[in-house]
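Geometric and topological summary
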There are 2 protein chains.
Amino acid sequence: MFKFTITAKEARARTGVFTTPHGDLITPVFAPVGTQATVKTLTPAQVKELGATLVLSNTYHLYLRPGDDVVAGLGGLHRFMRWPYPMLTDSGGFQVFSLAQTRQIDDEGVTFKSHIDGSSHRFTPQRSIRIQENLGADIIMAFDECSDPNDHQYSKLAMERTHRWAEICLKAKRRGDQALFGIVQGGVQADLRAISATFIASLDTPGIAIGGLSVGETKQEMHDMLDVVQPLLPENKPRYLMGVGTPEDLINGVLRGIDIFDCVLPTRLARHHSAFAPEGRLNLMNATFARDERPVDETCDCYTCKTFTRAYLRHLIVAKELLAGTLISIHNLRALIRLMEVIRTYIADGTFEENSSLLLQKWSDNAKRSIQSEVN
Amino acid sequence: MFKFTITAKEARARTGVFTTPHGDLITPVFAPVGTQATVKTLTPAQVKELGATLVLSNTYHLYLRPGDDVVAGLGGLHRFMRWPYPMLTDSGGFQVFSLAQTRQIDDEGVTFKSHIDGSSHRFTPQRSIRIQENLGADIIMAFDECSDPNDHQYSKLAMERTHRWAEICLKAKRRGDQALFGIVQGGVQADLRAISATFIASLDTPGIAIGGLSVGETKQEMHDMLDVVQPLLPENKPRYLMGVGTPEDLINGVLRGIDIFDCVLPTRLARHHSAFAPEGRLNLMNATFARDERPVDETCDCYTCKTFTRAYLRHLIVAKELLAGTLISIHNLRALIRLMEVIRTYIADGTFEENSSLLLQKWSDNAKRSIQSEVN
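Here's what I pulled together on the structure shown here. (Residues numbered from 1 in each chain as written. Chains lettered and ligands numbered in written order. Predicted model: local features only at pLDDT ≥ 70, side-chain atom pairs only at ≥ 80, totals over all residues. Heavy atoms only, no water.)

Brief notes about the overall build of chain A
Helix and strand content of chain A: 15 helices and 16 strands. The C-alpha atoms of chain A give a radius of gyration of 20 Å, which matches the 21 Å a tight globule of 376 residues would have. Its C-alpha atoms put chain A at 60 × 45 × 40 Å along the principal axes. Residues counted as buried form 61% of the 376 residues belonging to chain A. Across chain A, contacts joining residues at least 24 apart in sequence account for 65% of those joining residues at least 6 apart. Total accessible area on chain A stands at roughly 13,500 Å², and carbon and sulfur atoms take up 51% of it. If the 41 positive side-chain charges of chain A are averaged to one point and the 43 negative ones to another, these points end up 4 Å apart. (Helix = DSSP H or I, 4+ residues; strand = E, 2+ residues; numbered from the N terminus. Rg over C-alpha atoms; globule rule 2.2 N^0.38 Å. Buried < 20%, exposed > 50% of the residue type's maximum accessible area, 1.4 Å probe, protein only. Contact = heavy atoms within 4.5 Å. Areas by Shrake-Rupley, 256 points an atom, 1.4 Å probe, with all protein chains shown as cover. Lys, Arg positive; Asp, Glu negative; His and termini not counted. Charge placed at Lys NZ, Arg CZ, Asp CG, Glu CD.)

Here it is as structure tokens:
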């Protein structure tokens, strides 16, 4: 049911097709995040129109609200949110560690209080799988523990727990129409990442996730960890770099053999009026855009760029109109999805390495200039 | 340029076509309100998809933000908000009287402070026309004064000023591609409404608006005023009942010869989680909808009803997801636009009067039950 076919290769980068019960995923792919069973401010029709193929939703959030049993009773997540295409859920682990108000970790699981109402809950590997089976995404995740990446001792402990929990998850899994990915942990510790990649690869899951990155480490550390992990992973399985990232991260990830990405960045930036543009991230609230008749990005094919001026977007922001968030989300998501399309074409042509430095320059300049404009 | 052709008549109700520079309006018509150059939470593509043909925008708001000169510099309102279909602007009068923080009325105009920043501004009839010419809507309004409808003395004074201002507006008007409507005032005073209708009709504007209703008077009073005004208005000009209204008001308005309506109700209700449904206005936040697999209205052809369950809409509301407002706005607007389509068909078939009591019963039951469910 879950077949991964590599269609082109260039050094460590590759393009492929991952077959799921809700359609084929062309990789490398960027997945918009629909935390609470909705990509914020967008209808599924709009998400589809901008070229998205995979949407991620969060187990922790949906377990709390509306409840995974409610979603199951309504026919599962695809049907509930009317996204009949591939979906992925995380295990809830990361959110429990980062969002829940208090949490106590033991060898069997995590007890935590809801960030919504302070009520007590407990996640175990079995429970996470049961919830994800209720939700019914095509790709589901083993329950894992994220550590402080710089703390070798804790990272080792968390990694070992993650490995035991991955085995428990595999045993607990009952549905045949969901691909359970194991997760490589180990912080920014090269020795642990190597152990973890080897162990998770040995579990023979239909895909492998790399967790615990993009949590505050440096870009160099992230690249180093990907360089350690990649050679130890089987070639014929999709690799998912969780919660990553910026355009620069996507380029660097694909260069290091990553196939799947997700990140809240495009929609979060949109809510803060920030749009990806050729000259850097634009804070569209800026008064300089008040009479700017250009689209956000003249080269972009999204509804927002094909239709509206920067001046109109700025007006919506200043007038506190929610449509601003919708329109900028459409553009920012399309920008990353289009970047992946461009990367796939380069890989197919065997020109990705040669073009990657130009792409990286464009997008890191982009990030650098954005910092200036956000300070101004 | 502005031709009104009556295509069917039944008693006082009629269907027609009003030709504007941005396309034909099939009447009777309900116009969604796009106060700040956006129908709240919807893209123009979504507004078009739900069958809207005319959008209203507010002169007061756009004058303050982004400024009518900015809109003019960007090619006018149609181009600014990318709504290339018929548009209507009000004169700013009603907003100045109801929104501005302080206001001083004299015979030449109104001095007021912005509700945004308290800055001082002055509207005169000439200024209102100049602003509306900068905005560039197809249908524009004479600057008028709304009175306390029960105060005969003040209503007379305001009406007389409205009449003088209407003449000034007509003289001030320069653009040939905008239809300036005069506005009938007179509160709930039958004698004043008769005087005002006769006077405004004598100005021979391409259409006539009826202002100062739906401002707190009873339904009976509104109907009585429409009954007074209608026989005094020329048959061959479209009649616009400003700021009205509820589904019941639309039915009662068409029965009394009204052709154009606008109201914020559908989008405002949506922001308060309230949806028009066959069994009454639904407060979709209600826990009874948590597992309700039905659409808001099984008979509705809108994107929301064709796609989503009440359970999903409730989840979005509870999870504070903005998509809830978008989806309910789509349905509520479609419900009123569809009601107008139904009414037009009845008029064409000569069965509107015969069906109007059923329609009224449905929609007043609707309103009554909504009050109960909002209390519960």
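Once you've had a look at it, read on.
Thoughts on helix α7 (residues 152-172) of chain B
Residue and element names in this part refer to chain B. The first and last C-alpha atoms of α7 sit 30 Å apart over 21 residues, in line with the 30 Å expected at 1.5 Å per residue. Of all the residues in α7, the buried ones are S155, A158, M159, R161, T162, H163, W165, A166, C169 and A172. Summarising the contacts, the buried residues of α7 are in contact with β7 (103-106), β8 (109-113), α6 (125-135), β11 (179-184) and α8 (190-202). (Expected span 1.5 Å × (residues − 1).)

Quick notes on the interface of chain A and chain B
With 38 residues of chain A at the contact, the number on the chain B side is 38 residues. Interface area, chain A with chain B, both sides summed: about 3,400 Å², of which 58% is carbon and sulfur. Applying the counting rule to chain A against chain B returns 4 salt bridges. A salt bridge links R291 of chain A to D69 of chain B, with the nearest nitrogen and oxygen atoms 3.3 Å apart. Run the count over chain A and chain B and you get 16 residue pairs in polar contact (both at pLDDT 80 or more). Residue assignment for the side of chain A that touches chain B shows that the elements contributing at least two residues are α1 (44-49), α3 (68-73), α4 (77-81), α12 (303-307), α13 (310-318) and α14 (323-349) of chain A. (Buried area = accessible area lost by both parts, 1.4 Å probe. Salt bridge = Lys/Arg side-chain N within 4 Å of Asp/Glu carboxyl O. Polar contact = N/O pair within 3.5 Å; in protein donor to acceptor, adjacent residues only side chain to side chain.)

Overview of the relation of the copies chain A and chain B
With an RMSD of 0.0 Å, the fit of chain A onto chain B corresponds to turning through 180 degrees and sliding 0.0 Å along the axis. Seen this way, the second copy is the image of the first under a two-fold rotation axis. (Least-squares fit on C-alpha atoms with pLDDT ≥ 70 in both.)

Here we look at the pattern of salt bridges
Evaluation of the coordinates by the stated rule reveals 48 salt bridges over all chains. Between D259 of chain B and R14 of chain B there is a salt bridge whose closest N-O contact spans 2.8 Å. Placement of the pair is D259 of chain B in the loop between α10 (247-255) and β14 (260-263) and R14 of chain B in strand β2 (residues 13-20), with a sequence separation of 245 residues. This pair shows no difference in class: D259 of chain B is buried, exactly as R14 of chain B is. Within this structure, K9, R14, E235, R239 and D259 of chain A form a network of salt bridges that share partners.

Regarding the side chain of D259 of chain A
Residue and element names in this part refer to chain A. Among the residues examined, D259 registers a relative accessible area of 0% and is labelled buried. Of note is the side chain of D259, whose polar atom sits 2.8 Å from the side chain of R14. One polar contact links the side chain of D259 to the main-chain amide nitrogen of R239, over a distance of 2.8 Å. When near neighbours in sequence (up to four residues on either side) are disregarded, D259 contacts F4, R14, T27, P28, V29, K237, P238 and R239.

A word on the sheet that holds strand β8 (residues 109-113) of chain A
Residue and element names in this part refer to chain A. Taken in spatial order, the 3 strands line up as β7-β8-β9 in an open sheet, and their pairing is antiparallel. The open sheet has two edge strands, β7 (103-106) and β9 (120-123), and neither has a second partner. Taken pair by pair, the neighbouring strands of this sheet meet at an average axis angle of 15 degrees, ignoring direction. As paired strands, β8 and β9 are joined by 4 bridges and run antiparallel to one another. Following the sheet pairing, T111 is matched in β9 by R122. Where helix α7 (residues 152-172) meets the sheet, it contacts β7 and β8, and its direction lies at approximately 70 degrees from that of β7. (Pairing = 2+ DSSP bridges. Axes fitted to C-alpha atoms, helices over the stretch in contact; angles between N-to-C directions.)

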